[in-house]
Protein chains: 4
Amino acid sequence: MSRLLREKKVITINETLSFGEKPVMIAGPCTIESYEQFYETAKGLKAIGVDVLRGGAFKPRTSPYAFQGLGEEGLEIMSRVGRELNIPVVSELMDETNLAMFENYVDILQVGSRNMYNYALLKVVGRTQKPVILKRGMSATIHEWIMAAEYIASHGNHNIILCERGIRTFDNYTRNTLDLTAVPIMKAETGLPVIVDPSHGTGRRELILPMSKAALACGADGLMVEVHYKPEEALCDGDQSLDLDMYREFYREVMSK
Amino acid sequence: MSRLLREKKVITINETLSFGEKPVMIAGPCTIESYEQFYETAKGLKAIGVDVLRGGAFKPRTSPYAFQGLGEEGLEIMSRVGRELNIPVVSELMDETNLAMFENYVDILQVGSRNMYNYALLKVVGRTQKPVILKRGMSATIHEWIMAAEYIASHGNHNIILCERGIRTFDNYTRNTLDLTAVPIMKAETGLPVIVDPSHGTGRRELILPMSKAALACGADGLMVEVHYKPEEALCDGDQSLDLDMYREFYREVMSK
Amino acid sequence: MSRLLREKKVITINETLSFGEKPVMIAGPCTIESYEQFYETAKGLKAIGVDVLRGGAFKPRTSPYAFQGLGEEGLEIMSRVGRELNIPVVSELMDETNLAMFENYVDILQVGSRNMYNYALLKVVGRTQKPVILKRGMSATIHEWIMAAEYIASHGNHNIILCERGIRTFDNYTRNTLDLTAVPIMKAETGLPVIVDPSHGTGRRELILPMSKAALACGADGLMVEVHYKPEEALCDGDQSLDLDMYREFYREVMSK
Amino acid sequence: MSRLLREKKVITINETLSFGEKPVMIAGPCTIESYEQFYETAKGLKAIGVDVLRGGAFKPRTSPYAFQGLGEEGLEIMSRVGRELNIPVVSELMDETNLAMFENYVDILQVGSRNMYNYALLKVVGRTQKPVILKRGMSATIHEWIMAAEYIASHGNHNIILCERGIRTFDNYTRNTLDLTAVPIMKAETGLPVIVDPSHGTGRRELILPMSKAALACGADGLMVEVHYKPEEALCDGDQSLDLDMYREFYREVMSK
């Protein structure tokens, strides 16, 4: 279905990191809360072997009254910690008018589920050359997701990483229904790397390890997991976050194959 | 669940048109294609009794290669025809950076299904005083839809009209599954007027009349229907569009109760 | 899609009751609990104008540990009350081996949502001449529902009444998502009468009236509503049941059009 | 949620086969078409290493006009081939009145997706001691699926094997949406073995291998795959069936870990 994105292509983050060889491990807290919180979490993750740090500065919250993130201050913290630890960082861009700010601070842009159909944002992101993680919309068909990637590619940016993060179904045992079949499908249809976010995909800590193993077994090129150095104090998604000890064990098990 | 939007409130479009008494009838083509097409369709609709003209200038198409609308030229046509026929006009705003342009040309802003979670757009729209039609996201829960309205209201704009347009389910006989129960629910939860779009809600011409009657019977405050003076030549959604004769009959039947 | 069920056909319950003229009003408790409960509820309903009494004797409960109904004793009560008040009765058949028992006691058989795909049951019911209410499966497509009716018809029984009772979607504000568009679709596709169950379709008392009005406005041939003489003491579905006073007012409003 | 099924328990098929050590490999055609077809397919599968043969004799077809299976003749063929090749066989029981017939011919009973809510059938199956494969209903929640198993267990039969086979969602790229997260969930909630059917779960031949690897990686105890010795001549599901050469390669890849 895709016109531009059929051939397999290596997506490179920097001189030492690209998708396709070993799984790219992305981790970090739901939200950047303070320098200390982000630095401590990041330092621990870097020591374990994580490749990319994640963290939200502008948060797409369902309620306008919920904490919306630290904004530019969060990006500054993220950028500083990334430089101090020499590790690339990714954060979600929600507002096209913030693009220049994001280009300043982050190595990878993220388009979240809620904005997968935000074609104005996709076009703007398509005009940069920053790598973009494009999450699947919560009820996006395979065709719509491919076409969202095509919006970015057709505006000039082919550095796209797709991220399956669960779809919305009738079931409510898990936060979303992780659709791992999307991994081999999207790889075949677009030639792009596909990563999986089991934290949002399941919303349950005990399911992150088995679903990560399954994701890699069917070809996922990386995993994005929520980790907080003190999950019980997290401002957002604490219940589904791993702490550093849990993540160390998780990393060991996932990489031991 | 809503904080600001509990009390019933009359939403006014202009000196002669407000929601709450008789159903507000909104009609027009999927896309503005030319002055002639929009003028001829509009003239016919005005004569039948339509209250507001609809038409797309910037179109949220799944594929970047599909016709994306005439853009500002479309809005100019719409505005000119609205003035010539003395009838308010509504069009969908997809890109927050186009707000000033839209404020110039249209009487009512529309936020489409794909952008219901686009909080940057909701905030911008919340800072104007133009009435806004807020369509339900294609898999938005009732709670999420209320909160999207709350994003607009909490930024200062309470002139919100909600529009049910069908949700995404397993069934594929119709284009979407029209969820009419949302009409009494959203009226009770927010006090805002709720209109129904049976054209997108069903995607089938023969279902527009029965579902419009049902919508009004459960309390809908208006109907938004796709009408094209020559559906067989329409660039978009021709199959679900009524022609002027069909709409005249439709209007008569719906209003005869 | 249907082979046998295209022509419109009058479905007759007895000498004085058939579908197609005025709405057929079916009401009664979720479960038959005792002679007193069923008789008192039924007497009240008959006085209001109800055409058919409903009540469960064998209940399809999700848990094997929940109350499963009075069984044959429930059917005996139902049959006796029906004769005493001279009003037809309907109850759900779950087990094909109980067919002879049901033929003894009830005027109309019901196949519930959970058994819409139970082809062994559909075939057995197809070999009787009792009218059958065939509820839509909770995630049945239009095509599957038509084919379930076709299973019954192709075994000889064309006395089928279809019942829309809500489908399963992502939304959880209501118990199910009432799909009223199914009413005009199924009437056109099969020629059979279609009734609506707003009690299960919404699971909320305050939505029963508006959705019943909507159902009739788009062509429904009848309504099936849960009524209990003392909802606060009901063994099952008390929260969505109307009491007799509420139902009297409901009946007046629905019939006043 | 389960009362009876919390403790992990070894489910045994015969003296040499039980669930829990290595993956139990179940394979065979959608439908038993003839002695030759079933014998040739079975002989090939046995040589590859398959543990259990599957094949339909009574088929739950959406349309009453589609081929319904060979019935008892199919079971006779299955039983004979099973004895000749010394390998257990499983087939789907749709009609409770056929239980005695099935007990005669098969080693494992299957309750299919369409009958997961057929409580009359679950109770009957609960009174035998044959192992039962209980497939998940196509829109069954985790809770409902557990309770369906509980119906069987509470009537005395604890020899239950759960089978995830895809759920019904909005997406239509695949036949169903395979919900692999159900594997670790159901194992934890019930202690029962959980197998996966990637043939029905995806409906696409090229997805069977990656999704089978993923299933085993997250803990599945076995795989049920459709194989036909001549898929292009299959009466049913030929497109999603593997042929014997494909299955040999599939088996090698899946088992090589």
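Along every chain, residues carry numbers that run from 1 in the direction the sequence is written. Lettering of chains starts at A and numbering of ligands starts at 1, both following the order in which they are written. Two thresholds apply to this predicted model, a pLDDT of at least 70 for residue-level local features and 80 or more for giving and counting side-chain atom pairs, whereas whole-chain, interface and lining totals are computed over all residues. Remark: hydrogens and water are excluded; side-chain values derive from all non-hydrogen atoms of the structure.

1. Overview of the nonpolar core
Part 1 of the argument: By size, the foremost hydrophobic cluster in this structure holds 361 residues, and its most contacted members are A:Tyr247, B:Tyr247, C:Tyr247 and D:Tyr247.
Part 2 of the argument: Note on contacts: a residue pair is in contact if any heavy atoms of the two residues lie within 4.5 Å. Not counting residues within four places of it along the chain, the set of residues in contact with D:Tyr247 comprises D:Met25, D:Ala27, D:Leu45, D:Ile48, D:Val50, D:Val225, D:Val227 and D:Leu242. Only buried Ala, Val, Leu, Ile, Met, Phe, Trp, Tyr and Cys residues count toward a nonpolar core, and they belong to the same one when joined by side-chain atoms within 4.5 Å. Per-residue accessibility, obtained with a 1.4 Å probe over protein chains only, is compared with the maximum for each type, and a residue is labelled buried under 20%, exposed over 50%, and partly exposed between these values.

2. Side note on the packing of helix α4 (residues 119-126) of chain D against helix α5 (residues 142-154) of chain D
All names here are of chain D.
Part 1 of the argument: Throughout, an axis means a line fitted to C-alpha atoms (over the contacting stretch in the case of helices), and angles, computed between N-to-C directions, take values from 0 to 180 degrees. Strands here mean DSSP runs of E at least two residues long; helices mean DSSP runs of H or I at least four residues long; both are numbered from the N terminus. Between α4 and α5, whose axes approach to 7 Å, the crossing angle comes to 45 degrees. Comparing the axis directions of α4 and α5 gives the class oblique. For the pair α4 and α5, the crossing hand works out as right-handed. Residues Tyr119, Leu122, Lys123, Val125 and Gly126 of α4 pack against Ala148, Tyr151 and Ile152 of α5.
Part 2 of the argument: Under this grouping Gly is polar, as are all residues other than the nonpolar Ala, Val, Leu, Ile, Met, Phe, Trp, Tyr, Cys and Pro and the charged Asp, Glu, Lys and Arg. The residue makeup of the contact of α4 with α5, split by class, is six nonpolar, one polar and one charged. Roughly parallel refers to an angle under 35 degrees, roughly antiparallel to one over 145, roughly perpendicular to one between 65 and 115, and oblique to any angle outside these ranges. Helix crossings are classified by the rotation of the near helix relative to the far one: an anticlockwise turn of less than a right angle makes the crossing left-handed, while a clockwise turn makes it right-handed.

3. Focus: the confidence of the model for chain A
Part 1 of the argument: The pLDDT averaged across chain A works out to 95; a share of 100% of its residues lies at or above 70.
Part 2 of the argument: The complex model carries a pTM of 0.96, and its ipTM stands at 0.96. pLDDT measures the predictor's confidence residue by residue and takes values from 0 up to 100.

4. Quick look at the interface of chain B and chain A
Part 1 of the argument: At the junction of the two partners, chain B supplies 31 residues and chain A supplies 31 residues.
Part 2 of the argument: As used here, buried area is the combined drop in accessible area, with a 1.4 Å probe, of two parts when they are placed together. For the pairing of chain B and chain A, the buried interface totals around 2700 Å² over both sides, and the portion due to carbon and sulfur atoms is 54%.
Part 3 of the argument: Ranking the residues of chain B by area buried against chain A places B:Thr62, B:Tyr65 and B:Tyr119 at the top, with a combined share of 22%.
Part 4 of the argument: Salt bridge, as used here, is a side-chain nitrogen of Lys or Arg placed within 4 Å of a carboxyl oxygen of Asp or Glu. At the boundary of chain B and chain A, one finds two salt bridges.
Part 5 of the argument: Any N or O atom pair separated by 3.5 Å or less is treated as a polar contact, with the protein-specific requirement of one donor-capable and one acceptor-capable atom, and with residues adjacent in sequence counted only for side-chain atom pairs. One can count 15 residue pairs in polar contact (both at pLDDT 80 or more) joining chain B with chain A.
Part 6 of the argument: Secondary structure elements with two or more residues in the side of chain B that touches chain A: α4 (119-126) and α5 (142-154) of chain B.
Part 7 of the argument: Element by element, the count of residues in the side of chain B that touches chain A is highest for α5(B), at six residues.
Part 8 of the argument: A class-by-class count of the residues in the side of chain B that touches chain A yields twelve nonpolar, ten polar and nine charged.

5. A look at the relation of the copies chain B and chain A
Part 1 of the argument: Least-squares fitting of one copy onto the other uses the C-alpha atoms of those residues that reach a pLDDT of at least 70 in both copies. The two copies are related by a screw operation: chain B maps onto chain A through 180 degrees of rotation and 0.0 Å of translation along the axis, at an RMSD of 0.0 Å. Expressed as a symmetry operation, the mapping of one chain copy onto the other fits a two-fold axis. Using C-alpha coordinates, one finds that chain B approaches the rotation axis most closely at B:Ser139, a distance of 3.1 Å.
Part 2 of the argument: Both copies present the same face, since 100% of the interface residues in chain B are matched by interface residues at the equivalent positions in chain A.

6. Brief notes about the relation of the copies chain A and chain D
Part 1 of the argument: The operation relating chain A to chain D is a screw motion whose rotation component is 180 degrees, with 0.0 Å of axial translation and a residual RMSD of 0.0 Å.
Part 2 of the argument: An overlap of 100% is found between the interface residues of chain A and their copies at the interface of chain D, pointing to a shared contact surface.

7. Brief notes about the interface of chain A and chain D
Part 1 of the argument: Counting residues at the interface gives 30 residues for chain A, matched by 30 residues for chain D.
Part 2 of the argument: Together, the buried faces of chain A and chain D total about 2300 Å²; carbon and sulfur atoms form 73% of this surface.
Part 3 of the argument: Put simply, chain A and chain D have two salt bridges between them.
Part 4 of the argument: One salt bridge connects A:Arg136 with D:Asp171, and the closest N-O pair in it is separated by 3.2 Å.
Part 5 of the argument: Our count for the contact surface shared by chain A and chain D stands at four residue pairs in polar contact (both at pLDDT 80 or more).
Part 6 of the argument: When contributions to the side of chain A that touches chain D are tallied by element, the ones reaching two or more residues are α6 (182-190) and α8 (205-217) of chain A.
Part 7 of the argument: In terms of residue count, the dominant contributor to the side of chain A that touches chain D is α8(A) (six residues).
Part 8 of the argument: The residue makeup of the side of chain A that touches chain D, split by class, is 17 nonpolar, seven polar and six charged.

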